[in-house]
Amino acid sequence: MEEQSKEKVGLQIDDRKYLLANLLLGAFVLVILFFAVIGMLVWPVTREARITITDNTGEECYVALLSKDTENYGVYGKHIDFSRQDDVYWEVIRAFAEDHGMSEQEAAEYAQNKKDELALGDGQYAFEKYRELMEAFSNYERGKATHILGAILYGFVDGNAKDYPPYEIWKGIIAYKDSDGYRFVHQVAGKAPRGGTVFTLKEWDLPEEFKFLVYWPESGRYAVSDVWQRTHVINEYRISADTLEVEDCSNRETIPVWLVLLAVIAVVGCEVLFAWLLGAKEKTQLVTIAVVSTMLHVIVFAVVALTGQALIVDGSIACNDLLLWLLLFVVIPVIEMPIYVHWLRPKGRSTRLKYKYCEFTLFINWAVLAVCLGIFIPWQFLTGTL
């Protein structure tokens, strides 16, 4: 009896019963996979490129982007569906021509000639995007919608047509010839009313390299900036139209170092606590877990923050859930398993039941994530951010 009692007191990690732990981990696997897929669908965070224009000349002006990126023609701009619905676009061109007095045959020939004229090769086209054509395109799409939701959505698209320059001004913008070979490629242009405004684009509306073109249609004057690059997560440019001075106010909104260190301390502290609860009572065991876990998590969190996979977005933390969960949920445990199997065994004990140490490794990692999700998700519901 005395020997049996001593054996119970000296329970070690590989003697623990893991039935409940395995059930919890199995359920957690399903939950984490669900959130990883959701995270994959919503990342990267959709940000806006802000272009502030101030014009003190007293004359109405338009600002357009110039680019050499003809390979991605049709990918940029509000009506990106052109690159996926070529047939719809040419049908709109034909209907547009009929609305302006052409016969059916003349309109069909006009649409075909436009298709030949705007061909870039490899099935890509230099789609024309000016206000009158955008309105016709939106009206056509709304009229073809088979359900009320589609009609409402196309109605919102039609509301954006006012942001495009009218045809006569569009012709003036596209007529500009840049000495460096930059062109009005992606049809991204906006009006700057007298006194100034904020011209807002989606982040993907900016090519990798571009110039700003300012056009005053009343006098026919042009002004063009130097070459700029899209190198930031938050793109913001302030243009003084009369002097054409461009100020880059972009920033990355990266996770600060102190927050990375705080995350490491919190995660490692929780792992050591769960390890102690599961039977890792010896000082060498706890020190081994703390050192190994700290090294790995410092690397993971630093890489995620420095590569822009985690950002401070509008005051809240946003991250690439799929990447982060794979690193914390799979990569780190796989690296830790052989280390813990070898170093966590009490001295003089055999290497039997290695799988118990593997389960132990998975549990102390996944339990921390489960606790984080258990706090994070209800908090998002309460704050209305989920």
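In the block above lies the structure referred to throughout.
From a predicted model like this one, the values you see are computed outputs, not experimental measurements.

K.L.:
I keep staring at the overall build of the protein and nothing clicks. Help me out?
P.N.:
Broken down by element type, the protein carries 11 helices and 13 strands. A buried classification covers 42% of the 386 residues belonging to the protein. Sequence separation of 24 or more characterises 72% of the internal contacts of the protein that already satisfy a separation of 6 or more. As presented, the protein carries roughly 21,000 Å² of accessible surface, and 60% of it is formed by carbon and sulfur atoms.

K.L.:
Where do I start with the packing of helix α9 (residues 283–306) against helix α10 (residues 321–343) in this structure?
P.N.:
For any two helices packed against each other, the geometry is given by the interaxial angle and the distance between the axes. Closest axis-to-axis distance for the α9/α10 pair is 11 Å, and the angle between their directions is 155 degrees. Regarding the angle of α9 to α10, the classification is roughly antiparallel. Regarding α9 and α10, the two cross each other, and that crossing is right-handed. Together, Thr288, Ile289, Val292, Ser293, Leu296, His297, Val300, Phe301 and Val304 of α9 and Leu324, Leu327, Leu328, Ile332, Ile335, Glu336, Ile339, Tyr340 and Trp343 of α10 make up the contact between the two elements. Broken down by class, the residue content of the contact of α9 with α10 amounts to 14 nonpolar, 3 polar and 1 charged.

K.L.:
Quick question: what am I supposed to make of the nonpolar core here?
P.N.:
Generally speaking, nonpolar side chains in soluble globular proteins are found buried as a group. Within the largest apolar cluster, 38 residues are counted, with the highest numbers of intra-cluster contacts made by Ile289, Phe301, Leu328, Phe360 and Ile364. Counting 29 residues, the second-largest nonpolar core is a separate cluster that includes Tyr89, Trp90, Val92 and Met134.

K.L.:
Would you mind showing me how to read the environment of proline 165 here?
P.N.:
Tracing the chain through its elements places proline 165 in the loop between α6 (148–159) and α7 (167–174). When its relative accessible area of 1% is taken as the criterion, proline 165 is described as buried. In sequence terms proline 165 and alanine 189 are 24 residues apart; their C-alpha atoms lie 7.0 Å from each other. What proline 165 contacts, discounting residues up to four positions off in sequence, is Tyr62, Tyr130, Arg131, Trp170, Ile173 and Ala189.

K.L.:
Would you mind showing me how to read α9 here?
P.N.:
Along an α-helix, residues three or four positions apart point the same way, because every turn accommodates 3.6 residues. Between its first and last C-alpha, α9 extends 34 Å over 24 residues, near the 34 Å set by a 1.5 Å rise per residue. Within the span of α9, buried status applies to Gln285, Leu286, Thr288, Ile289, Val292, Ser293, Leu296, His297, Val300, Phe301, Val304 and Ala305. Positive phi shows up at glycine 308, right after α9, with a value of about 75 degrees.

K.L.:
How should a nonpolar patch on the surface be read in this particular structure?
P.N.:
A cluster of nonpolar side chains, Leu326, Val330, Val331, Val334 and Ile335, forms an exposed patch at the surface whose accessible area comes to about 380 Å². Among the structural elements, valine 330 can be located in helix α10.

K.L.:
Please clarify how the pattern of salt bridges should be interpreted in this entry.
P.N.:
Once the charged atoms of two side chains with opposite charge are near each other, the side chains can pair. Taken as a whole and judged by the stated rule, the model has 9 salt bridges. Between glutamate 128 and lysine 114 there is a salt bridge, and its shortest N-O distance comes to 2.8 Å. Here the residue glutamate 128 occupies a position in the loop between β4 (124–125) and α5 (131–144), and lysine 114 occupies one in helix α4 (residues 104–117), the gap between them amounting to 14 residues. Summarising the burial analysis for this pair, glutamate 128 and lysine 114 share the class buried. Here glutamate 168 makes a salt bridge to lysine 171, at a shortest N to O gap of 3.4 Å. Of this pair, glutamate 168 and lysine 171 both sit in helix α7, separated by 3 residues, roughly a single helical turn.

K.L.:
I keep staring at the pairing of strand β10 (residues 236–240) and nothing clicks. Help me out?
P.N.:
With 4 of 5 residues buried, β10 is to be regarded as a mostly interior element. Between β10 and strand β11 (residues 245–248), which pair antiparallel in sequence order, lie 4 residues; one of them, leucine 244, sits at a positive phi of approximately 55 degrees.

K.L.:
So what exactly am I meant to see when it comes to the packing of aromatic side chains here?
P.N.:
For any pair of aromatic rings, the description rests on two quantities: the centre-to-centre distance and the angle between the ring planes. The final tally for this structure, using the stated rule, is 11 aromatic pairs. Here tyrosine 130 and tryptophan 170 contribute two aromatic rings whose centre-to-centre distance is 5.0 Å and whose plane-to-plane angle is 55 degrees, an arrangement assigned as tilted. Taken together, the residues span a long stretch of sequence, with tyrosine 130 in the loop between β4 and α5 and tryptophan 170 in helix α7 at a distance of 40 residues. Like tyrosine 130, the residue tryptophan 170 is buried in the burial classification. Consider the rings of phenylalanine 329 and tryptophan 366, whose centres lie 4.5 Å apart with planes at 25 degrees: the pair is stacked. Highlighted residues: phenylalanine 329 in helix α10 and tryptophan 366 in helix α11 (residues 354–383), separated in sequence by 37 residues.

Parameters at a glance
- Residues numbered from 1 in each chain as written.
- Predicted model: local features only at pLDDT ≥ 70, side-chain atom pairs only at ≥ 80, totals over all residues.
- Heavy atoms only, no water.
- Helix = DSSP H or I, 4+ residues; strand = E, 2+ residues; numbered from the N terminus.
- Buried < 20%, exposed > 50% of the residue type's maximum accessible area, 1.4 Å probe, protein only.
- Contact = heavy atoms within 4.5 Å.
- Areas by Shrake-Rupley, 256 points an atom, 1.4 Å probe, with all protein chains shown as cover.
- Axes fitted to C-alpha atoms, helices over the stretch in contact; angles between N-to-C directions.
- Parallel < 35°, antiparallel > 145°, perpendicular 65-115°, else oblique.
- Left-handed = near helix turned anticlockwise from the far one by under 90°.
- Nonpolar A, V, L, I, M, F, W, Y, C, P; charged D, E, K, R; others polar.
- Core = buried A, V, L, I, M, F, W, Y, C linked by side-chain atoms within 4.5 Å.
- Expected span 1.5 Å × (residues − 1).
- Patch = residues over 30% accessible without salt bridge, like charges linked within 9 Å, V, L, I, M, F, W, Y side chains within 5 Å.
- Salt bridge = Lys/Arg side-chain N within 4 Å of Asp/Glu carboxyl O.
- Pairing = 2+ DSSP bridges.
- Phe/Tyr/Trp six-rings, centres within 6.5 Å; stacked < 30°, edge-to-face > 60°.

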